[in-house]
Amino acid sequence: MKPSPFARIALLFAALVAAPLLAAPLPAPAAPLREYDILRAFPAGRLAALAAGDMPDAEGLTGNNRAHKSWVESGPQRGSCRAVIAAVIRDDLAAADNAWRGIDVTFSHQTANGGFESKPQANGKASTAFNANVETAYFFLQELGRAILIIRQSPHADHFKARITALEPKLRRAADYISSGIDTIIPKVGHSVNRVIIAAKAFGTCGVVLEDEKLIAQSRRLIAHAITLRDKEGIFIENGGRDSSYNVVSILFGSHLALHVPMPEFEAILPAAVAWQLTRVLPSGEIDVKSNTRTGVGKEANAFGQAKTVNYQEVVYALTYYGIIHRNAACLEAADRVFAYSRSYKK
């Protein structure tokens, strides 16, 4: 016998009342990933090993400046920021203070317009033209902004609070300087997508530090352009083709940025670039450079006239980051192999 219309209504009402009691509770929203926590999750000893060459020398110089044994330009000083980060992650504040000297030395070379002094490299080139000076400045600022944000996520924020506050007016001037040159960036480095992404990272991370939405919007503008600089299979284009070192730079620095400025459109394109990168990791951990357009094949030289090679540190960083963020076992295993190979690799 079918229930009456009134009985059906009563049954439906009872079901609606009971439904909230029978439904499973909604899961709590996942906390956003913090870069500090990702770095703490690196395999033991890896971060310290990767950053071992980043500590400033007695003059506070890092990277190419240290190699030149004198100040050349601001971009190479980004290594001091990485050294600060690595020390903060391992709770070594004495080392962090030592590394911070490189940041202070950089700002001692800041000019009246907010940029930084540039002198000739060993090859005679100097980043004195406006577009080149903007470029070397954002190379430094992209790691400085990141370092400050990681410090603020760490238990050591108070240790650095006063010096960061004192630095902010100088950072403001530097950020305004690169912002004044944003229209020079794509014309200068559009053939090299990793540099467009590095610039975006500088604008985005410094924008968060300074709470400047204009800088963040400029970061998004650069990332939107970078997304167009891929081939039909989604691999980042470097000098008209694929490069197994610079592809990974785009992955790494874009991943850094996306941890501080939400970039879902950028993260959505990473799987294809990562998948190709994994095919470049040989069983030995060496990176396959066959058909590269820039590195490992003698097509480009550094400031000292030496052929550019694969940056194994950045390959390890990128695969470790992606593996931890996405719980990707293939990336983590490949990172282990590349790291082991890089320990014995001689340039």
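For the structure, see preceding data.
What you see is a predicted model, and the numbers here were worked out from it, not measured in a lab.

Q: Any chance you could break down the pattern of salt bridges for me, citing the residues and the numbers?
A: All chains considered together, the criterion is met by 23 salt bridges. Asp-231 is paired through a salt bridge with Arg-242; the nearest N and O atoms lie 2.6 Å apart. One end of the pair, Asp-231, is in the loop between helix H11 (213-227) and helix H12 (246-258); the other, Arg-242, is in the loop between H11 and H12, with eleven residues separating them in the sequence. For Glu-238, the salt bridge goes to Arg-294, with nearest N and O atoms at 2.8 Å. Of this pair, Glu-238 sits in the loop between H11 and H12 while Arg-294 sits in the loop between helix H14 (270-279) and helix H15 (312-326), and the two are 56 residues apart along the sequence. Across this residue pair, the class does not change: Glu-238 and Arg-294 are buried. Among the ionic contacts, a cluster of salt bridges with common partners joins Glu-35, Asp-54, Arg-82, Glu-143, Arg-146 and Lys-201.

Q: Tell me about the packing of helix H6 (residues 93-108) against helix H7 (residues 130-153), and please be specific about residues and values.
A: Each packed pair of helices is defined by two parameters, the angle between the axes and the distance between the axes. H7 packs onto H6 with a crossing angle of 135 degrees between their chain directions and a minimal axis gap of 12 Å. It follows from the interaxial angle that H6 and H7 lie oblique. The handedness of the crossing between H6 and H7 comes out as left-handed. Residues Trp-100, Ile-103, Thr-106 and Phe-107 of H6 touch H7, and the partners they reach there are Phe-140, Leu-144 and Ile-151. Classifying every residue of the contact of H6 with H7 gives six nonpolar, one polar and no charged.

Q: Please give an account of empty space enclosed by the protein that cites residues and values.
A: Under the counting rule described, the total for this entry stands at two cavities of 30 Å³ or more. Taken as a whole, the largest cavity spans an internal volume of roughly 60 Å³. Ser-255, Ala-258, Leu-259, Glu-267, Leu-270, Tyr-322, Ile-325 and His-326 are the residues that line the largest cavity. When residues of the lining of the largest cavity are traced back to their parent elements, those giving at least two are H12 and H15. Among the elements that line the lining of the largest cavity, the one with the most residues is H15, at three residues. Residues belonging to the lining of the largest cavity are distributed by class as follows: five nonpolar, two polar and one charged.

Q: Give me the lowdown on the packing of aromatic side chains, citing residues and values where you can.
A: All chains considered together, the criterion is met by ten aromatic pairs. Look at Phe-116 and Phe-140: their rings are 6.0 Å apart centre to centre, the planes differ by 80 degrees, and that puts the pair in the edge-to-face class. With Phe-116 in the loop between H6 and H7 and Phe-140 in helix H7, this residue pair connects regions lying 24 residues apart in the sequence. Each member of the pair Phe-116 and Phe-140 is classed as buried. A centroid spacing of 6.2 Å and a plane angle of 25 degrees characterise the contact between Phe-236 and Phe-266, whose relative ring orientation is stacked. Here Phe-266 lies in helix H13 (residues 264-267) and Phe-236 lies in the loop between H11 and H12, a separation of 30 residues in the sequence. The same class applies to Phe-236 and to Phe-266, which are both buried. Ring pairs connect the aromatic residues Phe-42, Tyr-317 and Tyr-321, which therefore count as one cluster. The residue whose ring lies beneath Arg-46 is Phe-339, and the NZ or CZ to ring-centre distance is 4.8 Å.

Q: Give me the lowdown on the layout of surface pockets, citing residues and values where you can.
A: Roughly 180 Å³ of internal volume is contained in the second largest pocket. Together, Pro-32, Leu-33, Arg-34, Gln-153, Ala-258, Leu-259, His-260, Pro-262, Glu-267 and Ile-325 line the second largest pocket. The residue inventory of the lining of the second largest pocket, partitioned by class, reads six nonpolar, two polar and two charged.

Q: How would you summarise the environment of Ser-70 if you had to cite specific residues and measurements?
A: Along the polypeptide, Ser-70 turns up in the loop between helix H4 (63-68) and helix H5 (78-89). Owing to a relative accessible area of 36%, Ser-70 belongs among the partly exposed residues under this scheme. If sequence neighbours within four positions are ignored, Ser-70 has contacts with Leu-61 and Asn-65.

Criteria and cut-off values
- Residues numbered from 1 in each chain as written.
- Predicted model: local features only at pLDDT ≥ 70, side-chain atom pairs only at ≥ 80, totals over all residues.
- Heavy atoms only, no water.
- Salt bridge = Lys/Arg side-chain N within 4 Å of Asp/Glu carboxyl O.
- Helix = DSSP H or I, 4+ residues; strand = E, 2+ residues; numbered from the N terminus.
- Buried < 20%, exposed > 50% of the residue type's maximum accessible area, 1.4 Å probe, protein only.
- Axes fitted to C-alpha atoms, helices over the stretch in contact; angles between N-to-C directions.
- Parallel < 35°, antiparallel > 145°, perpendicular 65-115°, else oblique.
- Left-handed = near helix turned anticlockwise from the far one by under 90°.
- Contact = heavy atoms within 4.5 Å.
- Nonpolar A, V, L, I, M, F, W, Y, C, P; charged D, E, K, R; others polar.
- 1 Å grid on protein atoms, 1.4 Å probe; cavity = no way out; pocket = protein on both sides within 12 Å on 5 of 7 lines; lining within 4 Å.
- Points joined across faces, edges and corners; volume = space filled by probe spheres on them.
- Phe/Tyr/Trp six-rings, centres within 6.5 Å; stacked < 30°, edge-to-face > 60°.
- Lys NZ or Arg CZ within 6 Å of the ring centre and 35° of its normal.

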